[in-house]
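Now for the letters of each chain:
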Amino acid sequence: MAQATVQSLPSLTTISRTVNCTDCLTRNCSMAGAIDYPVQRCTSYRQANCYLCGKADCTLNGKLESPVMACAQFVPLALP
């Protein structure tokens, strides 16, 4: 019979992610968009920013303080 080990995971807000600051959309971060960055892991890395998303049928569309870290449906607004 197979055995499984259960391990509790930290909450989503404390999980660190491998980052690429050139792709990060975190507001108020001096490294966001930087090409030469020293960061390897980051708890505030954002691949999606609902305030800058053009997906009109999403309930979080345009929300300034969205809890979303990443979204497969994220559509960046076309800025002039």
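Quantities reported herein were computed from a predicted structural model and do not represent experimental measurements.

Scoring rules and cut-offs
Residues numbered from 1 in each chain as written. Predicted model: local features only at pLDDT ≥ 70, side-chain atom pairs only at ≥ 80, totals over all residues. Heavy atoms only, no water. pLDDT = per-residue confidence, 0-100. Contact = heavy atoms within 4.5 Å. Helix = DSSP H or I, 4+ residues; strand = E, 2+ residues; numbered from the N terminus. Patch = residues over 30% accessible without salt bridge, like charges linked within 9 Å, V, L, I, M, F, W, Y side chains within 5 Å. Areas by Shrake-Rupley, 256 points an atom, 1.4 Å probe, with all protein chains shown as cover. Salt bridge = Lys/Arg side-chain N within 4 Å of Asp/Glu carboxyl O.

Draft legend 1. Just the confidence of the model for the protein, in detail. Residues of the protein with pLDDT of at least 70 account for 75%, and the chain-wide mean is 75. Across residues 9-15, where pLDDT falls below 50, the model places 5 contacts with residues more than four positions away in sequence or in other chains.

Draft legend 2. Geometry of the side chain of Asn49. Here Asn49 shows up in the segment after strand E2 (41-42). Contacts of Asn49, omitting those with residues within four sequence positions, involve Leu25, Arg27 and Phe74.

Draft legend 3. Molecular detail of a nonpolar patch on the surface. A contiguous nonpolar surface patch, about 350 Å² in accessible area, is contributed by Tyr51, Leu52, Leu64 and Leu77. Locating Leu77 in the fold gives a position in the segment after E2.

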